[in-house]
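# Observations on chain architecture
One-letter residues, chain by chain:
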Amino acid sequence: MQTCSRKKELLLQIMKDFSDKDLIVAFSGGVDSSLLLKIACDFAKEKGGAVYAVTMQTKLHPAGDMADARKICSEIGARHLVITVDELQEAGILNNPANRCYLCKKHLFMKMLERAESLGVSTIIEGTNEDDLHVYRPGIRALKELCIISPLAEAGMTKQDVRNLAEEYGLSAASKPSTPCLATRFPYGTALSYEAMALVEKGEAYLKNLGFYNVRLRIHDRIARIETDKAAFPALLQHSEEITAYLKSLGYDYITLDLEGFRSGSMDIAIPVPKPD
């Protein structure tokens, strides 16, 4: 399936407009930012501008994300810069407030703007896509306040559009599942700790090693709620005893399977879905 040509042409035009200046791509190693980085680097080869892939080194994301980011930068041939941050201590999110994503994005991109200034770069782009505009994403407000540019959203590209185009470009990240920050596994108002998030990371890594693609481990005190695709339910139940034993070894008392299946943002059910601008 080919990406809608109109959206692709619009995205390329947006990116081409930045090709005459040095540029920072906020780079997580996921499919959205990988696609932007690839296009930016292709245009830079023609125009001679510098493109910097800037990744935030944070404990709020699985450790494997940094290895993926380095690998993809190497594949694309991008300059990779890393900024180390401690959001729990610096961004005011210790108690997992409902505006956590706003506070976190604001903190991270202010750090990135500082790096941009030191490099003499005036433009930062990032990978928000069209789908993100229709769910609870308070971080988008921070991006707008800081004048960070979101080319995928501007071009109207959905997540599937992005994956299709990434596949056309032959990017290894095309089929990579989304890996939102580990704080999303806990209810709002829950005290966050790196130790609790490390346990979630271990639990999800175990489930993925069993072959589950989309999987989240949502934590409600001593309850571990597994979300995975409904088509994967039979396979998960076949492994139920070993999964239960492993997750209980991490300290959870009750292991449950969410019958609604995998869905992004399931902790946001009490928050109204925003209307796009």
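This text follows the structure it describes.
Residues numbered from 1 in each chain as written. Predicted model: local features only at pLDDT ≥ 70, side-chain atom pairs only at ≥ 80, totals over all residues. Heavy atoms only, no water.

This part covers the pattern of salt bridges. For the structure on display, the rule yields 17 salt bridges. We note a salt bridge from E145 to K106, for which the minimum N-O separation is 3.0 Å. With a gap of 39 residues between them, E145 in helix α6 (residues 139–145) and K106 in helix α5 (residues 100–119) connect regions that are remote in the sequence. For E145, a relative accessible area of 37% translates into the label partly exposed. As a salt-bridge pair, R185 and E204 come within 2.7 Å of each other at their nearest N and O atoms. Of this pair, R185 sits in the loop between α8 (159–168) and α9 (194–209) while E204 is found in helix α9, placing the two residues 19 residues apart along the sequence. With respect to class, R185 is no different from E204; both count as buried. (Salt bridge = Lys/Arg side-chain N within 4 Å of Asp/Glu carboxyl O. Helix = DSSP H or I, 4+ residues; strand = E, 2+ residues; numbered from the N terminus. Buried < 20%, exposed > 50% of the residue type's maximum accessible area, 1.4 Å probe, protein only.)

Looking at the element boundaries, N129 is found in the loop between β4 (124–125) and α6. Owing to a relative accessible area of 2%, N129 belongs among the buried residues under this scheme. Within the structure, N129 has its side chain in polar contact with the backbone nitrogen of D131 (distance 2.9 Å). Here N129 is in contact with D32, L152, A153, M157, T158, K159 and V162, once residues within four sequence places are set aside. (Polar contact = N/O pair within 3.5 Å; in protein donor to acceptor, adjacent residues only side chain to side chain. Contact = heavy atoms within 4.5 Å.)

It is worth spelling out the environment of L23 at this point. Along the chain, the position of L23 falls in strand β1 (residues 23–26). Along the chain, L23 and P138 lie 115 residues apart, while their C-alpha atoms are 25 Å from each other. Those residues in contact with L23, other than ones at most four positions away along the chain, are F18, A40, A50, V51, Y52, V121, T123 and I125.

Turning next to the environment of L11. Relative to the helices and strands, L11 is located in helix α1 (residues 5–17). Along the chain, L11 and D42 lie 31 residues apart, while their C-alpha atoms are 13 Å from each other. Discounting chain neighbours no more than four positions away, the residues touching L11 are L35, L36, I39, P151, L152, A155, M157 and L165.

Now for the sheet that holds β4. Ordered in space as β3-β2-β1-β4, the 4 strands form an open sheet in which the pairing is parallel. Either end of the sheet is taken by a strand with one partner, and the two such strands are β3 (79–84) and β4. α5 contacts β1, β2 (51–57), β3 and β4 of the sheet and is inclined by roughly 130° relative to β3. (Pairing = 2+ DSSP bridges. Axes fitted to C-alpha atoms, helices over the stretch in contact; angles between N-to-C directions.)

Another aspect to go through is α5. An ideal rise of 1.5 Å per residue puts 28 Å on 20 residues; α5 measures up with 29 Å between its terminal C-alpha atoms. Those residues of α5 not exposed but buried are R100, Y102, C104, H107, L108, F109, M112 and A116. On the buried face of α5, the contacting elements are β1, β2, β3, α4 (87–90), β4 and α6. Positioned one or two residues after α5, G120 has a phi angle of 75°, which is positive. (Expected span 1.5 Å × (residues − 1).)

Let's shift gears to the sheet that holds strand β5 (residues 215–220). What the 3 strands build is an open sheet, ordered β5-β6-β7; its pairing is mixed. At either end of the open sheet lies a strand with only one pairing partner, and these are β5 and β7 (254–257). Geometrically, the sheet is characterised by an average inter-axis angle of 25° between neighbouring strands, direction not taken into account. Note that strand β6 (residues 223–228) and β7 share 4 bridges and pair parallel. Looking at the pairing, A224 lines up with I255 of β7.

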